[in-house]
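Understanding the architecture of this molecule
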Amino acid sequence: MSQRRGMGPQMATSNEKAKDFSKTIKKLLHYLKPYRIALILVLISTVGSTIFTIIGPKILGSATTKLVEGLVAKYGGTGSIDIAGIRNILITLLIIYTISGLLSYLQAWIMSDVTQKVTYRLREQISQKINRLPLNYYDKQTHGEVLSRITNDVDTVSQSLNQSIQQVFTSLITIIGILYMMFSISWQMTLTALVVVPLSALGAMFVVKHSQSFFNQQQTILGEVNGHIEEMYGGHIVMKAFNGEEKSIKTFDNLNQNLYTAAWKSQFISGLMQPITTLIGNLGYVACCVLGGYLTLHNGLAIGNIQAFIQYVRSFNQPITQTAQIMNVLQSTAAAAERVFEFIEEPEQEPDKKDSVNIYDENGNNTIKGNVTFENVVFGYTPDKTIIHNFSAYVKQGAQVAIVGPTGAGKTTIVKLLMRFYETNNGNIYIDGINTKDMTRSQLRSCFGMVLQDAWLHSGTIMDNIRYGNLNATDEEVVKAADEAYVDHFIKTLEDGYQTVINEESTNISQGQKQLLTIARAFLSDPKILILDEATSSVDTRTEILIQKGMENLMKGRTSFVIAHRLSTIKNADMILVMDHGDIVEVGTHDELLAKNGFYANLYNSQFSEEAE
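All values derive from a computational prediction rather than experimental measurement.

On to the overall build of the protein chain, then. Within the protein chain, the regular secondary structure consists of 20 helices and 12 strands. Rg of the C-alpha trace for the protein chain: 36 Å, well past the compact-globule value of 25 Å for 613 residues, more than 25% over. When its C-alpha atoms are laid out on the principal axes, the protein chain stretches across 130 × 55 × 55 Å. Restricting to contacts in the protein chain with at least 6 residues of sequence separation, those with at least 24 account for 78%. Total accessible area computed for the protein chain in this model is approximately 31800 Å², and 57% of it derives from carbon and sulfur atoms.

What follows is about the pairing of strand 10 (residues 559-563). The buried fraction of strand 10 is high, at 5 of 5 residues. Both faces of strand 10 are covered, namely the face carrying Thr559, Phe561 and Ile563 and the face carrying Ser560 and Val562. Two elements, strand 9 (residues 529-533) and strand 10, share 5 bridges in a ladder whose sense is parallel. Within strand 10, the position partnered with leucine 530 by the bridge is serine 560.

Moving on: the nonpolar core. Residues Val372, Phe374, Ile388, Phe391, Ile431, Phe448 and Phe561 are the most contacted members of the largest nonpolar core, which totals 34 residues. Secondary-structure elements contributing two or more residues to this core are strand 1 (372-379), strand 2 (388-395), strand 3 (400-404), helix 12 (411-418), strand 4 (426-431), strand 9, strand 10 and strand 11 (575-580). The residues touching phenylalanine 561, leaving out its near neighbours within four places in the chain, are Val372, Phe374, Val395, Val401, Ile403, Leu418, Ile529, Leu530, Ile531 and Leu532. Of all hydrophobic cores here, the second largest spans 30 residues; its members include Leu457, Val487, Leu532 and Leu554.

Quick look at the sheet that holds strand 5 (residues 434-435) now. On the basis of which strands lie adjacent, the open sheet formed by 4 strands has the order 2-1-4-5 and antiparallel pairing. The sheet terminates laterally at strand 2 and strand 5, the two strands that pair on one side only. Here strand 1 runs beside strand 2; their pairing, made up of 5 bridges, is antiparallel. Its bridge partner lying in strand 2, threonine 373 is registered against tyrosine 394. Against the sheet, helix 12 touches strand 1, strand 2 and strand 4, its axis set at about 115 degrees to strand 1.

Chain-level pLDDT for the protein chain is 80 on average; 92% of the residues reach the 70-or-more range. Per-residue pLDDT stays below 50 along residues 1-15; that stretch engages in 68 contacts with residues further than four places along the chain or on separate chains.

For the rest of this paragraph, the subject is the packing of helix 15 (residues 475-484) against helix 17 (residues 511-525). Where helix 15 meets helix 17, the closest approach of the two axes is 8 Å, and the angle between their N-to-C directions is 125 degrees. By the criterion of interaxial angle, the relationship of helix 15 to helix 17 is oblique. Two packed elements cross with a definite hand, and for helix 15 against helix 17 that hand is right-handed. The residues of helix 17 that touch helix 15, namely those facing Glu477, Val478, Ala481, Ala482 and Glu484, are Ala520, Phe523 and Leu524. Here the residues of the contact of helix 15 with helix 17 sort into 6 nonpolar, no polar and 2 charged.

With that settled, the discussion passes to the side chain of threonine 24. Among the secondary structure elements, threonine 24 is positioned in helix 1 (residues 21-32). When neighbours within four sequence positions are excluded, threonine 24 is seen to be in contact with Ala334, Ala337, Glu338 and Phe341.

Together, Ile37, Ile40, Leu41 and Ile44 make up a nonpolar patch on the protein surface, roughly 410 Å² of accessible area in all. Inspection of the secondary structure assignment puts isoleucine 40 in helix 2 (residues 36-76). The exposure class of isoleucine 40 is partly exposed, given its relative accessible area of 47%.

Thresholds applied
Residues numbered from 1 in each chain as written. Predicted model: local features only at pLDDT ≥ 70, side-chain atom pairs only at ≥ 80, totals over all residues. Heavy atoms only, no water. Helix = DSSP H or I, 4+ residues; strand = E, 2+ residues; numbered from the N terminus. Rg over C-alpha atoms; globule rule 2.2 N^0.38 Å. Contact = heavy atoms within 4.5 Å. Areas by Shrake-Rupley, 256 points an atom, 1.4 Å probe, with all protein chains shown as cover. Buried < 20%, exposed > 50% of the residue type's maximum accessible area, 1.4 Å probe, protein only. Pairing = 2+ DSSP bridges. Core = buried A, V, L, I, M, F, W, Y, C linked by side-chain atoms within 4.5 Å. Axes fitted to C-alpha atoms, helices over the stretch in contact; angles between N-to-C directions. pLDDT = per-residue confidence, 0-100. Parallel < 35°, antiparallel > 145°, perpendicular 65-115°, else oblique. Left-handed = near helix turned anticlockwise from the far one by under 90°. Nonpolar A, V, L, I, M, F, W, Y, C, P; charged D, E, K, R; others polar. Patch = residues over 30% accessible without salt bridge, like charges linked within 9 Å, V, L, I, M, F, W, Y side chains within 5 Å. Salt bridge = Lys/Arg side-chain N within 4 Å of Asp/Glu carboxyl O.

What follows is the structure, given as structure tokens:
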């Protein structure tokens, strides 16, 4: 959702409407409730500032009246100009406008503080919510959608809320105040001026109605443009490798042309609001001038009052126009806030039990040994599609378990269930006889170390990336872990050694080097149970040997689950779980399974023949 700053014509139309406007506004008011004293101060400051601004033209009009009366008396020979009186009036006016300015500043300062605190609270809740949402939420939502709610939508709420509350207070008080001052000068001129108000409102409604659809189109297409750019940038190597530049540029040009068309139409039509309301306002202005002249000649209306009234007429249409704009801004605010609240109110993962089993002793040492039991586990990512059917297995501590099977067999799903990234539909998983559901997720996951096929590193130094496995580790412990993972030698060849900064996409080191760093990170965490996803297919032979040696070193004395892609690497596994369509179809050692001449033997022989070719 694009951000629109200011209250000009470009903000005259909301780009999206909330599904339930009143409900969302009530929720926003609930967030503002803790700051009601500050909002009362804002209201008082607004009232004071607006009143002082409104009475200014009347006071200035009295100075004009004195000046005209003085000129008439001087040239008529009956008196002179009251310079002292005019000076006092102008000094009073200067003081009034100064106070009004200070109150406006106070109002803006308090309101900015309130909106930023509300924004801070929203971001804090979103940050906490991210970690409490089940992973299946992210299976249904794109990363861009989630990021949009965290950044764009919260920014929209912050900016437009800050503007809207101030403008609502100011506009309403200004309308009431100006009406009072106009009636105090001349009820006839006031009624004349009010005739044009419905016409201005109709003009504003016309503009809003016709520009709404184009603003919606603009935001939809803008999202498509951003998505295309993000997709092409993220996969620019693949795009170039397949000579996709021409297609990418053509797609972008089409989207950009559509965005241009929708954008200029929305901006052009919404930009008509100001000239339309100005034209209608000028008609009322002319009518008031004519009537004012008549009343001066026949009813003795002071010329200074006419000047003040004309200023009020010029000012009267502005708050009316702003009020129409505010309603559209509030629609945009409510739409953005609704998306934020939807995220905050998403169903959370099942909370940890309050009486969870503590797996740490009094010295803070993990007491888990590494025995793992799967008991009649049933799981499906969606209720209508079960992919793990009645899975049972027992793994003794220190054993090396390989999980093999074709793509989609459920190999990675077993690991996700083991770490409670997802909850089982039926059945239980035990570690050392303790149901994983009876542990906190934090303590459960502290038992595991992971080396995945997708070697994830964050921006920062190599030292920081390895230390991610144990944030309390010393530099010496980090270096020792790197040495055990056979990556210390490579790190020392770098100019900055362990202080070498890895860039955002980790492109300044190779895939194999990233894999070795993740092994070192797992070493540093000193896990009881390991999860290894073989990732040696895209590295050179020498690096592959180092990765294999590093993983073998890491697995010593630890229960290990190896998701195997190359079956030749798991010949020495203590147990091989052969999976197909969510079921364990065979269990045994490499030799036992080959002797059965079943599903595993077919997988192994087909892979062996492919490698031989």
